[in-house]
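As a plain string of letters, each chain reads:
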Amino acid sequence: MAPQRFHEQFDHIQRSMPDVPLAMGPDDSAEFMYEKGVVLVRDGEEARVVEDTVRAHFTAAPDLDQEQVRRAGPQTNRSGITRIRVGDPGEGGRGADRAVAHALRSVREHESRAGHRMVARNHVVHIAVNACPGDEPVPVPLSEPPNPAAADTPHDPDTAVAVLVVDTGLTHDYRSCGLLAHTGGDAQERECDDQGVLRQYVGHGTFIAGLVAAVAPNTDITVSGTLNDAGAILESEFGERLFEVVDAGGWPDVLSLSAGTANGRTDGLLGVEHFMRELREQRTLLVAAAGNNAGATPFWPAAYADLPGWEDSVLSVGALRSDGEFGACFTNHGPWVKVYAPGERLTSALTGFDSPVPYVYQHSTYDTCRYGFSYGCTCSHPRHSGVLSDEGVAAKPDQVMFEGYAQWSGTSFATPVTAGLVAAHMTAHKETDPRAARRQLLQMNTGFAEVRGAHVPALRPPTWRPVPVVRLGPGL
């Protein structure tokens, strides 16, 4: 991933979370973002051990301030973690958080004796934390049908599969889109900025709900606005919010999540550890996006699909290119990604149909794709325009009118397509166990694609239409 792209997205997320100073790591490598001056620990005895150990380490180091070490969150909570402040969040640049680095190192000996991790950074979980959402949404005519098109399965309230989408909320006029007749949930908070332009990622949750509904009409879809804050949330809050959502509405059959983060490790996220353990004991299937980093580093929580004990409860999803034959250029990959589905140039509802809204691209948009494909995207450099452009770049961001449908790309959208296929299988085979449906679907699947030279399972909805791949150049 190009550092320039990461810095641009970093700036935007920092503006959306002004009260939480952020850093990037590890060592400015642009793999993830995290809260400065704070570490996460399990509450209880481990929190006491970590706090005492870090304080002793800082006391022995003349250039570290042991007075900064103190609890910065509740002693206990549902997610089982607490925050410990270890440094002044205002010190240092975005890639220089010495206090957190020293705190992590100081606990290594205890972790070695305990045989498990005891402390972690407080990562930002985000729809596109790596600064590459695939591409920007572009409007399509109302005469162009969704892609995937709506299946002809009737909706039956007695057998409808319950699907929970954890994302941004729903746009205010979503009900005017007939495809979303059996969708409900949280409204998007503050859809427009002071200039009347849609804020970043507004419509993302609506778009995803439309994909689920198209692939699996016999569903009751609930969209949670957990990621209403420009698609981002701190790891320390994420586990708690997930518990709140399932406490309020019950555990669904399928939970579709198009967000996550890398953390440089292979053992998951501390902030969602309790939720993931509870998930394992339920019947819910978590379908999670593999991320848009174009790399093989595990992306959480999707990568739980590769951890012992979670094989049946988590399905990690990568994105196929528009022709469905190869992986999309942006998709994460590797053995921890269990299936791939169409995720490039899909068409779904961005808003309803009652109130056309101008949409200004909220992060850098490029004239051409760095891989040479025919659509403009956000992952090219150095030419770009948009509100997050470098200082001195005289360019006006594109402003377009959406009247319902949009075309968008990203692993964000391969995920609900897959969630919909699981739900459709449950309806077609009268299967009430979503995890059994997952196993059956993958066992029955005869589709494959090529991703970075590997032959991988690929799920393609019967109503999905391949879009020709046009390359304008050799790419980079």
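Rules and cut-offs
- Residues numbered from 1 in each chain as written.
- Predicted model: local features only at pLDDT ≥ 70, side-chain atom pairs only at ≥ 80, totals over all residues.
- Heavy atoms only, no water.
- Helix = DSSP H or I, 4+ residues; strand = E, 2+ residues; numbered from the N terminus.
- Buried < 20%, exposed > 50% of the residue type's maximum accessible area, 1.4 Å probe, protein only.
- Contact = heavy atoms within 4.5 Å.
- Areas by Shrake-Rupley, 256 points an atom, 1.4 Å probe, with all protein chains shown as cover.
- UniProt positions renumbered as here; feature names shortened; annotations may be inferred.
- Pairing = 2+ DSSP bridges.
- Axes fitted to C-alpha atoms, helices over the stretch in contact; angles between N-to-C directions.
- Phe/Tyr/Trp six-rings, centres within 6.5 Å; stacked < 30°, edge-to-face > 60°.
- Lys NZ or Arg CZ within 6 Å of the ring centre and 35° of its normal.
- Salt bridge = Lys/Arg side-chain N within 4 Å of Asp/Glu carboxyl O.
- Left-handed = near helix turned anticlockwise from the far one by under 90°.
- Nonpolar A, V, L, I, M, F, W, Y, C, P; charged D, E, K, R; others polar.

Caption draft 1: Inspection of the overall build of the protein at higher detail. Each helix and strand counted, the protein has nine helices and 20 strands in total. Going through the 476 residues of the protein one by one, you find that 60% of them count as buried. The contacts of the protein with a sequence gap of at least 6 include a subset with a gap of at least 24, amounting to 77%. Accessible area of the protein: about 17,900 Å², with a carbon and sulfur share of 50%.

Caption draft 2: Highlighting the UniProt feature "active site" (unreviewed entry) in the protein. UniProt feature "active site" (unreviewed entry): in the numbering of this structure it lies at Asp167, His204 and Ser412. Across 246 residues, the annotated set stays spatially compact, with a maximum C-alpha separation of 9.7 Å. Its place among the elements puts Asp167 in the loop between β7 (161–166) and β8 (183–185). Residue contacts for Asp167: discarding those within four places in its chain leaves Ile127, His204, Gly205, Ile208, Ser224, Gly225, Thr226, Leu227, Asn228 and Ser258.

Caption draft 3: Layout of the sheet that holds strand β9 (residues 219–224). Pairing in this open sheet of seven strands is parallel, and the strands run β8-β9-β7-β11-β12-β13-β14 from one edge to the other. Each edge of the open sheet carries a strand with a single partner, namely β8 and β14 (339–342). Strand-to-strand, the axes of this sheet are offset by a mean angle of 30 degrees, without reference to chain direction. Of the pairings in the sheet, the one linking strand β11 (residues 254–257) to strand β12 (residues 285–289) comprises four bridges and is parallel in character. Bridge assignment links Leu255 to a residue of β12, and that residue is Leu286. Where helix α5 (residues 204–215) meets the sheet, its contacts fall on β7, β8 and β9, and the angle it forms with β9 comes to roughly 165 degrees.

Caption draft 4: Structural detail: the packing of aromatic side chains. Counted by the stated rule, this structure contains eight aromatic pairs. Ring centres 5.1 Å apart and planes at 65 degrees place the aromatic pair Tyr304 and Trp310 in the edge-to-face group. Exposure class is identical for Tyr304 and Trp310. Each is buried. Here the aromatic cluster, defined as three or more aromatic residues joined through ring pairs, consists of Phe207, Trp408 and Phe413. One Lys or Arg, Arg78, reaches over the ring of Phe243 and ends 4.1 Å from the middle of that ring. Over the ring of Trp310 we find Arg280; its NZ or CZ atom is 4.1 Å from the centre of that ring.

Caption draft 5: Looking closely at the pattern of salt bridges. A full pass over the atoms with the stated rule returns 20 salt bridges. For Arg42, the salt bridge is made with Glu273, and the minimal N-O distance between the two is 2.9 Å. A residue pair is termed long-range when its members are at least 10 positions apart, and Arg42 in strand β2 (residues 32–42) and Glu273 in helix α7 (residues 273–281) qualify at 231 residues. Like Arg42, the residue Glu273 is buried in the burial classification. Of the charged contacts in the structure, one is a salt bridge between Glu51 and Arg71, with a shortest N-O distance of 3.0 Å. With Glu51 in helix α2 (residues 45–60) and Arg71 in strand β3 (residues 70–71), the pair connects residues that are 20 residues apart, well separated along the chain. By relative accessible area, Glu51 is classed as buried at 13%. Through salt bridges that share partners, Glu45, Arg48, Glu51, Asp52, Arg55 and Arg71 make up one connected network.

Caption draft 6: Spatial organisation of the side chain of Thr351. Here Thr351 lies in the loop between β15 (346–349) and β16 (357–360). Since its relative accessible area comes to 3%, Thr351 is described here as buried. Contact partners of Thr351, with chain neighbours within four places excluded, come to Thr171, Asp173, Phe402, Glu403 and Gly404.

Caption draft 7: Structural view of the environment of Ala288. Relative to the helices and strands, Ala288 is located in strand β12. Relative accessible area serves as the criterion here: at 0%, Ala288 is assigned to the buried category. A sequence separation of 14 residues divides Ala288 from Ala302, and the C-alpha atoms of the two residues are 4.8 Å apart.

Caption draft 8: Molecular detail of the environment of Gly178. With respect to the helices and strands, the residue Gly178 is situated in the loop between β7 and β8. Sequence separation between Gly178 and Ala349 is 171 residues, and the spatial gap between their C-alpha atoms is 9.9 Å.

Caption draft 9: Representation of the environment of Val107. Following the sequence through the fold, Val107 ends up in the loop between α3 (98–106) and α4 (108–114). The contacts of Val107, once residues within four sequence positions are left out, are Val50, Thr53, Val54, Met118 and Val119.

Caption draft 10: Just the packing of helix α6 (residues 235–249) against α7, in detail. Remark: α6 packs on α7, axes separated minimally by 8 Å, with the N-to-C direction vectors making an angle of 35 degrees. The chirality of how α6 crosses α7 is left-handed. Every residue of α7 that contacts α6 at Leu242, Phe243 and Val246 is listed here: His274, Phe275 and Glu278. Each residue belonging to the contact of α6 with α7 can be placed in one class, and the counts come to four nonpolar, one polar and one charged.

Caption draft 11: Region of interest: the sheet that holds β15. Strand order in the open sheet formed by three strands is β6-β18-β15, with antiparallel pairing between adjacent strands. Both outer strands of the open sheet, β6 (138–139) and β15, are each paired with one neighbouring strand and no more. Sheet topology places β15 next to strand β18 (residues 405–408); four bridges connect them, and they run antiparallel. Paired with Thr347 across the bridge in β18 is Gln407. α5 contacts β15 and β18 of the sheet and is inclined by roughly 110 degrees relative to β15.

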